[in-house]
Amino acid sequence: MAEQVWRPRGRTRRSTRTLRIRASATVMTVIVLAVLLVPPLAQLDQQAVDLAAKLQPPSWEHPFGTDDLGRDLLLRCVYGLRVSLFVGLVAALVATVIGTAVGAAAGALGGWTDRMAMRAVDTLSSVPHLLLGIFVVAVFRPGVWPVVASVAVTHWLSTARIVRAEVMSLRGRAYVDAAVSGGASRWRVAVRHLVPGVLPQAGLAAVLMIPHAMWHESALSFLGLGLPAHQASLGNLVQTARGSLLAGHWWPALFPGLLLILPTLAIAGLAGAWRDRLNPRRRSELTL
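As the structure is a prediction and not an experimental result, all values here were calculated from the model.

A word on the side chain of Asp114
Link 1 in the chain: Note on placement: Asp114 falls in helix 3 (residues 111–125).
Link 2 in the chain: Note on Asp114: relative accessible area 11%, which makes it buried.
Link 3 in the chain: In terms of polar contacts, Asp114 uses its side chain to reach the side chain of Arg164, at 2.6 Å.
Link 4 in the chain: Apart from the residues within four sequence positions on either side, Asp114 is in contact with Ala106 and Arg164.

Here is the structure:
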């Protein structure tokens, strides 16, 4: 009987975590390079229609196949991913700024400011994000910026709660008490000591918000309320592929769906590594 090789559990977990981080970084690098380099280098029109080549399966000429109008799906998926990533990045940045400002003000000032801010957060949180996003988009014409505004308005609430909790924990630190005892105003304490202390947590919340914003944009576009139908986005591509999928053509829906899932998993892996660095106690528990 072969002898069993004993391996420390902590070493196995560390190697698995390292592999996950490297895989996530590789996937995100490929995605970013594709989004930045493929459109200018391809020199092809992603809207070019070729009815003679419609609904062709994946091949060397068309690695992702073609859609119901004969357009190259690889090129359209890259353009769609470009738009969805842009919406996710900008919406996450705007939502993080709003949430950080509200949470920092509530935690630093306290009193009626804290109560009013948190009641507003609770009220908006009681409304489903998608319904509130549909209402915001319906006020404007379909386009990128209404979708960005819709996602930003509905996604700053969790960041505000995180920042408020972090600020309230920092208020009890010795260096904050020393600054207050030295005569520093609330504004100076907030700007010099509290806000810098919550920026890492706010940055982590922003990173985790990017895939959420991408899925939100895709849901709005799938419902016909997001980007115009002629503009490539992952949600529009999936929505357009519904008829082809019912006819037995799987590739127009598969590849846009994969390009939604892969960035989500990659960002989640990188954000997990960032969270472990922010919380050394949790990282040490992984090695036990």
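Thoughts on the nonpolar core
Note that soluble globular proteins tend to have their nonpolar side chains buried in a common cluster.
Link 1 in the chain: Counting residues in hydrophobic clusters, the biggest one holds 29 residues, and the most contacted among them are Leu81, Met214 and Leu234.
Link 2 in the chain: Elements represented by at least two residues in this core include exactly helix 1 (9–42), helix 2 (73–109), helix 3, helix 6 (157–170), helix 8 (186–222), helix 9 (234–240) and helix 11 (251–278).
Link 3 in the chain: With seven residues, helix 2 is the largest single contributor of residues to this core.
Link 4 in the chain: Ignoring any residue separated from it by four or fewer positions in sequence, one finds Leu81 in contact with Ile31, Val35, Met214, Leu234, Leu259 and Pro263.

What about the packing of helix 2 against helix 5 (residues 144–155)?
Link 1 in the chain: It is the contact of helix 2 with helix 5, at a shortest axis distance of 8 Å, that shows an interaxial angle of 45 degrees. With respect to helix 5, the axis of helix 2 lies oblique. Helix 5 is crossed by helix 2, and the crossing has right-handed handedness. On the side of helix 2, the interface is formed by Phe86, Val87, Val90, Ala91, Val94 and Ala95, while helix 5 contributes Val144, Trp145, Val147, Val148, Val151, Ala152 and His155.
Link 2 in the chain: Looking at side-chain class alone, the contact of helix 2 with helix 5 contains 12 nonpolar, one polar and no charged residues.

The rules behind these values
- Residues numbered from 1 in each chain as written.
- Predicted model: local features only at pLDDT ≥ 70, side-chain atom pairs only at ≥ 80, totals over all residues.
- Heavy atoms only, no water.
- Helix = DSSP H or I, 4+ residues; strand = E, 2+ residues; numbered from the N terminus.
- Buried < 20%, exposed > 50% of the residue type's maximum accessible area, 1.4 Å probe, protein only.
- Polar contact = N/O pair within 3.5 Å; in protein donor to acceptor, adjacent residues only side chain to side chain.
- Contact = heavy atoms within 4.5 Å.
- Core = buried A, V, L, I, M, F, W, Y, C linked by side-chain atoms within 4.5 Å.
- Axes fitted to C-alpha atoms, helices over the stretch in contact; angles between N-to-C directions.
- Parallel < 35°, antiparallel > 145°, perpendicular 65-115°, else oblique.
- Left-handed = near helix turned anticlockwise from the far one by under 90°.
- Nonpolar A, V, L, I, M, F, W, Y, C, P; charged D, E, K, R; others polar.

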